[in-house]
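Spelled out from the first residue to the last, the chains are:
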Amino acid sequence: MIGRSAFGVQVWADSDRAGCSTMVLGESNLDERIGHLDGVGISHDDLQDATSSRVLPMRDPDGNQIVFTGALPGGQLTTPNQPGCPLVAG
């Protein structure tokens, strides 16, 4: 539960799309996430600054893309269509 909203992830098998999916996850501390991934030997791309956030892309062993997203340093993560509206990241 995030605030008053339920949050979940649904996963199912679809062999026609295997290795072609993307999951984006909000992260409150990308530097800690990088440290954890590095500590357990999981490779990832470089951290990138985007317009309103930072993103950390990586791929799982099947080729699916996983993107962690978080606030720019000293900034607040916002939704692109609602400037100033905080996006809950966890």
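Residues numbered from 1 in each chain as written. Predicted model: local features only at pLDDT ≥ 70, side-chain atom pairs only at ≥ 80, totals over all residues. Heavy atoms only, no water.

Trainee: Tell me about the pattern of salt bridges, residues and numbers included.
Mentor: Applying the stated rule across the entire model yields two salt bridges. Among the ionic pairs, glutamate 27 bridges to arginine 33, the shortest N-O distance being 2.9 Å. Aspartate 31 is the partner of arginine 54 in a salt bridge, and the nearest nitrogen-oxygen pair spans 3.7 Å. In this pair, arginine 54 is assigned in strand 3 (residues 54-59) and aspartate 31 in helix 1 (residues 30-39), connecting sequence segments 23 residues apart. A relative accessible area of 10% means that arginine 54 is categorised as buried. (Salt bridge = Lys/Arg side-chain N within 4 Å of Asp/Glu carboxyl O. Helix = DSSP H or I, 4+ residues; strand = E, 2+ residues; numbered from the N terminus. Buried < 20%, exposed > 50% of the residue type's maximum accessible area, 1.4 Å probe, protein only.)

Trainee: Quick rundown of the sheet that holds strand 1 (residues 22-26)? Include the residues and the values.
Mentor: Taken in spatial order, the four strands of this open sheet run 1-4-3-2, and their pairing is mixed. Of all the strands in the sheet, just strand 1 and strand 2 (48-49) have a single pairing partner and so form its edges. Strands strand 3 and strand 4 (65-70) of the sheet are contacted by helix 1, whose axis makes an angle of about 25 degrees with strand 3. (Pairing = 2+ DSSP bridges. Contact = heavy atoms within 4.5 Å. Axes fitted to C-alpha atoms, helices over the stretch in contact; angles between N-to-C directions.)

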